[in-house]
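# Observations on the three-dimensional arrangement
What follows is each chain in one-letter form.
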Amino acid sequence: MGIFKRLKGIALADVNHAIDKMEDPIKMLKQYLRDLEAEMEKAENALSNQLFIEKKYEVLIAESEGIIEKRVRQAQLAVDRNEDEIAKLALQDKISHEKKLVQTKATYETIKQQTTSLYGQVKKLQDTYEHLQQKKLALIARANAAQASQHVNQTLTSFSPQNAIKGFSRMEEQILNLEAKASATQSIHEMKRPQENVLLDKVLQDEVQKELDLLKQAKPTTA
């Protein structure tokens, strides 16, 4: 049995660990707030119903008090007319309503206490919700900063300076190769230009020869 318990414990630990890894803190925060909103809605509905019941009891109390006052007037009028039996009936109904009124008022006071308690619970939920809303913004900012920092750290961890140096060396070799090819092409082009120079020199030499002949013709002969 001990081995099975240990295996079960290990399995549960692995499952909990997997669930923890799967949990998105931002999504969980939003879910908590949604759950709290649902509880607030329930509490507000309960408070609304409680206020409705409280108003109903206020109406019942007012009606009972009105009936009691009416029975008192009826009894007094019956006594003035020497109608004792009618006076007794009026007083009997008055006493009955007074007893019911005592119970109604006691229940009403209990309902008012419950209403006050519900008010406090709703206010507490609202304050908690506002506090968590503000905290959610701060936690989201912290989570975003942590995720950004983690991404940067992972990038720096996976980044290898040696690989970068080797990469730059390869690029430098390629550039040197391109420069060498460009230089070779230039040299080949320069090697082809002398033939053009010879033709150009020949043209110049003809002109130079003409100018030289003219100079010789203009030169005075010596005796």
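Basis of the calculations
- Residues numbered from 1 in each chain as written.
- Predicted model: local features only at pLDDT ≥ 70, side-chain atom pairs only at ≥ 80, totals over all residues.
- Heavy atoms only, no water.
- Helix = DSSP H or I, 4+ residues; strand = E, 2+ residues; numbered from the N terminus.
- Buried < 20%, exposed > 50% of the residue type's maximum accessible area, 1.4 Å probe, protein only.
- Contact = heavy atoms within 4.5 Å.
- Areas by Shrake-Rupley, 256 points an atom, 1.4 Å probe, with all protein chains shown as cover.
- Expected span 1.5 Å × (residues − 1).
- Salt bridge = Lys/Arg side-chain N within 4 Å of Asp/Glu carboxyl O.
- pLDDT = per-residue confidence, 0-100.

Secondary structure summary: the chain contains four helices and zero strands in total. When the helices and strands of the chain are read in sequence order from the N terminus, they spell out α-α-α-α. Residues classed as buried in the chain amount to 13% of the 223 residues present. Nonlocal contacts in the chain, meaning residues at least 24 apart in sequence, comprise 82% of its contacts between residues at least 6 apart. Put simply, the chain shows about 18700 Å² of open surface, and 59% of that area lies on carbon and sulfur atoms.

The next thing to look at is helix α2 (residues 25-80). A rise of 1.5 Å per residue sets the reference length of α2, with its 56 residues, at 82 Å; its end C-alpha atoms lie 82 Å apart and thus fit the reference within 8%. At the C-terminal side of α2, Asn82 shows a positive phi close to 60°.

What follows is about the pattern of salt bridges. Counted by the stated rule, this structure contains seven salt bridges. Its salt-bridge partner being Glu39, residue Lys42 comes within 3.8 Å of it at the nearest N-O pair. Here the residue Lys42 and the residue Glu39 both occupy positions in helix α2, the gap between them amounting to three residues, near one helical turn. For the salt bridge of Lys105 with Glu65, the shortest nitrogen-to-oxygen distance reads 3.4 Å. Of this pair, Lys105 sits in helix α3 (residues 84-158) while Glu65 is found in helix α2, placing the two residues 40 residues apart along the sequence. Judged by relative accessible area, which is 36%, Lys105 ranks as partly exposed.

This part is about the environment of Gln114. Relative to the helices and strands, Gln114 is located in helix α3. Along the backbone, Gln114 and Leu47 are 67 residues apart, and their C-alpha atoms lie at a distance of 9.1 Å.

For the rest of this paragraph, the subject is the environment of Glu63. If you trace the backbone, Glu63 turns up in helix α2. Here the alpha-carbon distance between Glu63 and Leu101, two residues 38 residues apart in the chain, equals 9.5 Å.

Peptide bonds are mostly trans, and most non-glycine residues show a negative phi. Its identity is not glycine, yet Asn82 carries a phi of approximately 60°, on the positive side. Following the sequence through the fold, Asn82 ends up in the loop between α2 and α3. Using a relative accessible area of 65% as the deciding quantity, one classes Asn82 as exposed.

Mapping Gln50 onto the fold places it in helix α2. Among all residues touching Gln50, those that are not within four sequence positions of it are Ile111, Gln114, Thr115 and Leu118.

The predicted model of the chain averages 79 in pLDDT, with 75% of residues at 70 or higher. The weakest mean pLDDT in the chain belongs to helix α1 (residues 2-22) at 51; the strongest belongs to α2 at 90.

A few words now on the side chain of Thr104. Considering the arrangement of structural elements, one finds Thr104 in helix α3. Thr104 sits in the buried class, given a relative accessible area of 15%. Leaving out residues up to four positions away in the same chain, Thr104 has contacts with Tyr57, Leu60 and Ile61.

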